[in-house]
Amino acid sequence: MKRTAVACVIALVSLAIGTYLYQGFHSWNAEKEKQKEQDKFQLLVRAAAALENIKYDEALSIYSDLLASNSNRTPEILRNRAIASLANVKYNIDLTQDASNDVEKIRAQLPNLFEQSSRAIADFMAAAPDDPVAYQLGALRDIRWIAVLANTNPIIADAEQADLFEKLKKYVAKFPRSEEHTSELQSPCNLVCRLLLE
């Protein structure tokens, strides 16, 4: 009888310790997740500040760090990275207009910047295939590329322009103009797109 009572006490103590450890682990895990979310928020704030201060490389680096974790591969972060990469392209194109800059060096970097932008836009488009902003960013990227090509190789620029017209036809077919579409065009993200077009 004593052995049974001792065994029951040991079992109850083991259960209590197990429950305590489980609750402690669960609490620790919840704190860890909360810290992750706070870190993510801080990184997003830093990326936004970098964009505001025309530090596109820094913003793109932050977005790349965020996207290294699969849990952060949200359409919103992918959209922000696509916008940042396209803004970086426009900024570098603008830099080529100032002769006091190393124009040849900047021009040599443009194809890589366009490629980086294409990948970022394609990732966003894959994550949000029904988001018209992804297609608008793709069209803006193509417009910029055609403008660069027109100065160096007009024949290729004409071919790219024909491809762009086909993409725009598909865009119009996929997203016919409606009241929702009109209000979508007024969104802050589309304001960025319109500013990038200027």
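The preceding data block contains the structure.
Residues numbered from 1 in each chain as written. Predicted model: local features only at pLDDT ≥ 70, side-chain atom pairs only at ≥ 80, totals over all residues. Heavy atoms only, no water.

When helices and strands are counted, the protein chain shows 8 helices and 0 strands. Reading the protein chain from its N end, one meets helices and strands in the order α-α-α-α-α-α-α-α. Among the 198 residues that make up the protein chain, the fraction classed as buried is 32%. If you take every contact in the protein chain between residues at least 6 apart in sequence, the share linking residues at least 24 apart comes to 60%. Summed over all atoms, the accessible surface of the protein chain reaches about 13,100 Å², with 59% contributed by carbon and sulfur. (Helix = DSSP H or I, 4+ residues; strand = E, 2+ residues; numbered from the N terminus. Buried < 20%, exposed > 50% of the residue type's maximum accessible area, 1.4 Å probe, protein only. Contact = heavy atoms within 4.5 Å. Areas by Shrake-Rupley, 256 points an atom, 1.4 Å probe, with all protein chains shown as cover.)

At a closest axis distance of 8 Å, the pairing of helix 3 (residues 75–95) and helix 4 (residues 103–127) adopts a crossing angle of 160°. Considered as vectors, helix 3 and helix 4 are oriented roughly antiparallel to each other. The chirality of how helix 3 crosses helix 4 is left-handed. For the contact of helix 3 with helix 4, the per-class residue count stands at 15 nonpolar, 6 polar and 4 charged. (Axes fitted to C-alpha atoms, helices over the stretch in contact; angles between N-to-C directions. Parallel < 35°, antiparallel > 145°, perpendicular 65-115°, else oblique. Left-handed = near helix turned anticlockwise from the far one by under 90°. Nonpolar A, V, L, I, M, F, W, Y, C, P; charged D, E, K, R; others polar.)

Moving on, we come to helix 2 (residues 56–67). Here helix 2 spans 16 Å end to end across 12 residues, near enough to the 16 Å set by a 1.5 Å rise per residue. Here helix 2 has its buried residues at Tyr56, Ala59, Leu60, Ile62, Tyr63, Leu66 and Leu67. The buried residues of helix 2 occupy an angular sector of 160° when projected down its axis, which confines them to one face. Of the exposed residues in helix 2, those oriented more than 90 degrees away from the buried face are Asp57 and Asp65. (Expected span 1.5 Å × (residues − 1). Arc of directions from axis to C-beta.)

With the rule as written, the count across this model stands at 6 salt bridges. Of the charged contacts in the structure, one is a salt bridge between aspartate 123 and arginine 81, with a shortest N-O distance of 2.5 Å. Of this pair, aspartate 123 sits in helix 4 while arginine 81 sits in helix 3, and the two are 42 residues apart along the sequence. Here the salt bridges do not stand alone but share partners, grouping Arg73, Arg81 and Asp123 into one network. (Salt bridge = Lys/Arg side-chain N within 4 Å of Asp/Glu carboxyl O.)

What follows is about the packing of helix 2 against helix 3. The interhelical angle for the contact between helix 2 and helix 3, taken along N-to-C directions, is 155°, at an axis separation of 9 Å. The angle between helix 2 and helix 3 falls in the class roughly antiparallel. As for the relative orientation of helix 2 and helix 3, their crossing is left-handed in sense. Counting all contacts with helix 2, which are made through Tyr56, Asp57, Leu60, Tyr63, Leu66 and Leu67, the residues of helix 3 involved are Ile77, Leu78, Asn80, Arg81, Ala84, Ser85, Ala87, Asn88 and Tyr91.

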